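# Residue-level structure breakdown
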Amino acid sequence: MSAHAAAPPAEVDLTIGGMTCASCAARVQKKLNRMDGVEATVNYATEKAHVTYADGVEVADLIATVEATGYTAHEPEPPAPAAPAEGESGGDSPAVSAADAAAAAELKTLRERLITAAVLAAPVIVLAMVPALQFRNWQWLSLTLAAPVVTYAAWPFHKAAWTNLKHGAATMDTLISLGTSAAFLWSLWALFFGTAGRPGMTHSFELTVARSDGAGNIYLEAAAGVTAFILSGRYFEARSKRKAGAALRTLLELGAKDVTVVRPDGSHATIPIAELKVGDRFLVRPGEKIATDGTVVEGSSAVDASMLTGESVPVEVGVGDAVTGATLNAGGRLVVEATRVGADTQLARMAKLVEDAQNGKAAAQRLADRISAVFVPVVILIAVGTLVTWLLVSGDVTASFTAGVAVLIIACPCALGLATPTALMVGTGRGAQLGILIKGPEVLETTRTVDTIVLDKTGTVTTGRMTLLATHVADGADIADGTDATDATGGADRAEVLRLAGAVEHASEHPIAQAVATGAADEVGPLPVPEDFANVPGLGVQGVVEGHAILVGREQLLDQWEIKLPDDLARAKADAEAAGRTAIAVAWDGAARAVLEVADAVKETSPEAVRRLRDLGLRPVLLTGDNEAVARSVAAEVGIAEADVVAEVLPQDKVDVVKRLQAEGRTVAMVGDGVNDAAALAQADLGLSMGTGTDAAIEAGDLTLVRGDLRVAADAIRLSRRTLGTIKGNLFWAFAYNTAALPLAALGLLNPMIAGAAMAFSSVFVVGNSLRLRKFRALAS
């Protein structure tokens, strides 16, 4: 048997530097996959390559291949769990700090280039477009202003174009660099060696088609304007990409920073979370986060695990029960023995799920780059062909170069540079007004093909908080002992039930108790103060209010006092539990008075939202960590088929559900708001995060819905599709105008005003088409 043959393939994630567009990622991926025994996926959005390689291949070989392609590569250092725990010093891990500093420096440089380009290009464009402002020697001022734009501000495009050239590739950067350089260099020739530099020179409005040697034509506005517009798009893209890893950092920072360890001698000591070891016992006070995964060894409490599990009802825990790190202790004092620490905890595993999902998501190939891959070589071939043909036919070097350069100038992507940024700026600006934040242009492409939308229940379809939904008061005939707090038949008065039950529940910190207290106060007003109060762990509360001995909690609490629920209350309790709600019994002075129903209430707008999503051609699927009964009840209320309900799932199961739907050939959108949704949001083809949710979910999503209204999800998809359609239309017309003018340029008939008119009209059309997005109206109100 060969041990070498049995060795499983190894995996590594490489951070790739120097990529400027999606085609760069495709080129790196292609080069890596050509290596024997290597299978790679390169993600432009996260700037990472996930590589599986066979025995015999070294990581150094992979890095060398990437570098030979013209990019940089290195193994990313994992974020150190100890970093958040340095508390007092406020330090982060050196790796994270260095990465953040490098990203911030890159963004700062790009911002400086953009500001330079915008400030200097504006007067150049105005002077070229408004002949009335063309004063004597205006062309020299334009040159002075345009020079820094085409050299300093446009340097990233020139650098990328040179890299592409060395490796036989052409991208949008190549076209930008060629077009701006051709326009600028020809303008220099016309100014210094032609007639364009003469005092009093203006651009006339003659629209005749005639041959020209180009000596009096300058194109500085094209060179400066294209640079400024495309830099604006690159800057906003870079800002978005800088947040690509924020979901992981947010997840890792969710846990407790310090922990109070209980020593064997009973003393307490506060230590950084990184120093906690398996087997250590630690104290968790009410309101504190549980430091790590463990088992309760002392005390009992209610633990709010909704952020991690999606379960809306707090979990009652006692000695011997398992608890999860980063969940919230909502009740009593606990002592927990650590069973998993560091990278083994559920929180760390969730962070790994998010990272895997982000790296596995296919990189969106942007339309401009796909078209440029064909358009750029064609334009270059036409330009070279024009030059050679004119030299052979006429022998006139000046006229030949005029025609060849004219081809490059007319192909200079003025409208192309505006196509995506203007539509994206108007679309995202309108979205922001409507509470919809779109993270980047690549997000829009997915909205076109989405056919299934997975909806998290807690906090998305429902309010995400426990609410008092119903009060069932006992019939008078069923109550043996009438008191002052009863009506004429001996039955309890609804208002009195809420007033007395709410009073004792208000003294408790339990989330369900607070839901009852809040609901009671909203309905009957100020609540009395209990004269006596006691918490009965795991069962409920008891107290004395206005002379009445009151019990509120589980039926078992009443059983301890030998109080039985009458038939009508027993039925109400059974019906509530069948619907997945929490039933709370209320008794005082020896008799059961009422049953209260508490649950995570469905948002009023959710049924309409589901209908609108269906109208968009989407199949809604309800996904939740809650129990089956709760999930079916919520689904029925909002109009989701029972077959499309997936309940009682853990975070990793949510990812599996999304993957299963994708394996069925569906393009999946996911709407969620909790930490438990982050990995699924990242795995989905389109992630929509509720802005009312956690930072981890917001960062993992592609679209953020600022309002907690699910109807906005339908508006977000409508707006995204509309914006994508506008970008496509812009790109089509941008290329159509330029392509239509190429024959004129090749024939030497490029009159400067025809060229200017073609570029100006295409740019005006693109801007006007994009501005139509301002009229987009949301259906949510």
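In this text, all values refer to a predicted model and were calculated from it rather than measured experimentally.

## Considering the sheet that holds strand 16 (residues 462–473)
- Taken in spatial order, the six strands make up an open sheet running 16-21-20-19-18-17, and their pairing is antiparallel. A single partner strand is all that each edge strand has here, and the edge strands are strand 16 and strand 17 (532–536). Direction aside, the axes of adjacent strands within the sheet are offset by 20° on average.
- Bridging between strand 17 and strand 18 (residues 540–545) involves five bridges; their strand directions are antiparallel.

## Points about the sheet that holds strand 24 (residues 668–672)
- Spatially, the seven strands line up as an open sheet ordered 14-26-25-24-15-22-23, and their pairing is mixed. Of all strands in the sheet, those with a lone pairing partner are strand 14 (436–438) and strand 23 (645–646), marking the two edges.
- Note that strand 24 and strand 25 (residues 686–690) share four bridges and pair parallel. Within the sheet, the bridge partner assigned to Met670 lies in strand 25 and is Gly687.

## Focus on the UniProt feature "transmembrane region" (unreviewed entry) in the protein
- The residues that UniProt annotates with the feature "transmembrane region" (unreviewed entry) are residues 114–132, 138–155, 175–196, 216–236, 371–393, 399–420, 730–747 and 753–771.
- Between the end C-alpha atoms of residues 114–132 the distance is 28 Å, and the span holds 84% helix and 0% strand.
- In residues 138–155, the share of helix is 94% and the share of strand is 0%. The end C-alpha atoms are 26 Å apart.

## Comments concerning the packing of aromatic side chains
- If you walk through the whole model with that rule in mind, you get two aromatic pairs.
- Each ring, one from Trp140 and one from Phe192, has its centre 5.3 Å from the other, and the planes form 75°; the classification is edge-to-face. One end of the pair, Trp140, is in helix 5 (residues 138–153); the other, Phe192, is in helix 7 (residues 172–192), with 52 residues separating them in the sequence.
- Judged by its relative accessible area of 27%, Trp140 is partly exposed.
- Relative to Trp189, the ring of Trp186 lies with its centre 5.0 Å away and its plane at 25°, an arrangement referred to as stacked. Linking Trp186 with Trp189, this pair stays in helix 7, spanning three residues, or about one helical turn.

## A few points about the nonpolar core
- In terms of nonpolar packing, the biggest core is built from 48 residues, with Ile218, Leu220 and Leu231 touching the most fellow members.
- Within the residue set of this core, elements represented by two or more residues are helix 4 (94–129), helix 5, helix 7, helix 8 (220–242), helix 12 (367–393), helix 13 (397–410) and helix 26 (711–746).

## Things to note about the packing of helix 5 against helix 6 (residues 155–166)
- The contact between helix 5 and helix 6 brings their axes to 5 Å, and the two run at 45°. Of the possible angle classes, the one that applies to helix 5 and helix 6 is oblique. Listed contacts from helix 6 to Val150, Thr151, Tyr152 and Ala153 of helix 5 are Trp155, Pro156 and His158.
- Grouping the amino acids of the contact of helix 5 with helix 6 by side-chain chemistry returns five nonpolar, two polar and no charged.

## A short note on the environment of Val443
- Tracing the chain through its elements places Val443 in helix 15 (residues 441–447).
- Classification of Val443 as buried rests on a relative accessible area of 5%.
- C-alpha of Val443 to C-alpha of Leu686: the two residues are 243 residues apart in sequence and 7.2 Å apart in space.
- With residues near it in sequence (within four places) discarded, Val443 still touches Ile438, Leu686, Asp702 and Leu703.

## Focus: a positive patch on the surface
- A surface patch of like charges, here positive, comprises Arg722, Arg772, Arg774 and Lys775.
- Structurally, Lys775 is set in the segment after helix 27 (752–771).

## Quick look at helix 23 (residues 651–663)
- End to end, helix 23 covers 19 Å across 13 residues, agreeing with the expected 18 Å (1.5 Å per residue, within 8%).
- Gly665 lies just past helix 23 and shows a positive phi near 95°.

## Let's talk about the side chain of His158
- Tracing the backbone through its elements, the reader meets His158 in helix 6.
- A distance of 2.8 Å separates a polar atom in the side chain of His158 from the backbone oxygen of Val150.
- Dropping the residues within four chain positions of it, His158 is found in contact with Val150, Thr151, Ser177, Thr180 and Ser181.

## Notes on the environment of Gly385
- Assignment of secondary structure puts Gly385 in helix 12.
- A relative accessible area of 32% places Gly385 in the partly exposed class.
- For the pair Gly385 and Ala746, spaced 361 residues apart in the sequence, the C-alpha separation amounts to 8.6 Å.

Analysis parameters
- Residues numbered from 1 in each chain as written.
- Predicted model: local features only at pLDDT ≥ 70, side-chain atom pairs only at ≥ 80, totals over all residues.
- Heavy atoms only, no water.
- Pairing = 2+ DSSP bridges.
- Helix = DSSP H or I, 4+ residues; strand = E, 2+ residues; numbered from the N terminus.
- Axes fitted to C-alpha atoms, helices over the stretch in contact; angles between N-to-C directions.
- UniProt positions renumbered as here; feature names shortened; annotations may be inferred.
- Phe/Tyr/Trp six-rings, centres within 6.5 Å; stacked < 30°, edge-to-face > 60°.
- Buried < 20%, exposed > 50% of the residue type's maximum accessible area, 1.4 Å probe, protein only.
- Core = buried A, V, L, I, M, F, W, Y, C linked by side-chain atoms within 4.5 Å.
- Parallel < 35°, antiparallel > 145°, perpendicular 65-115°, else oblique.
- Contact = heavy atoms within 4.5 Å.
- Nonpolar A, V, L, I, M, F, W, Y, C, P; charged D, E, K, R; others polar.
- Patch = residues over 30% accessible without salt bridge, like charges linked within 9 Å, V, L, I, M, F, W, Y side chains within 5 Å.
- Areas by Shrake-Rupley, 256 points an atom, 1.4 Å probe, with all protein chains shown as cover.
- Salt bridge = Lys/Arg side-chain N within 4 Å of Asp/Glu carboxyl O.
- Lys, Arg positive; Asp, Glu negative; His and termini not counted.
- Charge placed at Lys NZ, Arg CZ, Asp CG, Glu CD.
- Expected span 1.5 Å × (residues − 1).
- Polar contact = N/O pair within 3.5 Å; in protein donor to acceptor, adjacent residues only side chain to side chain.

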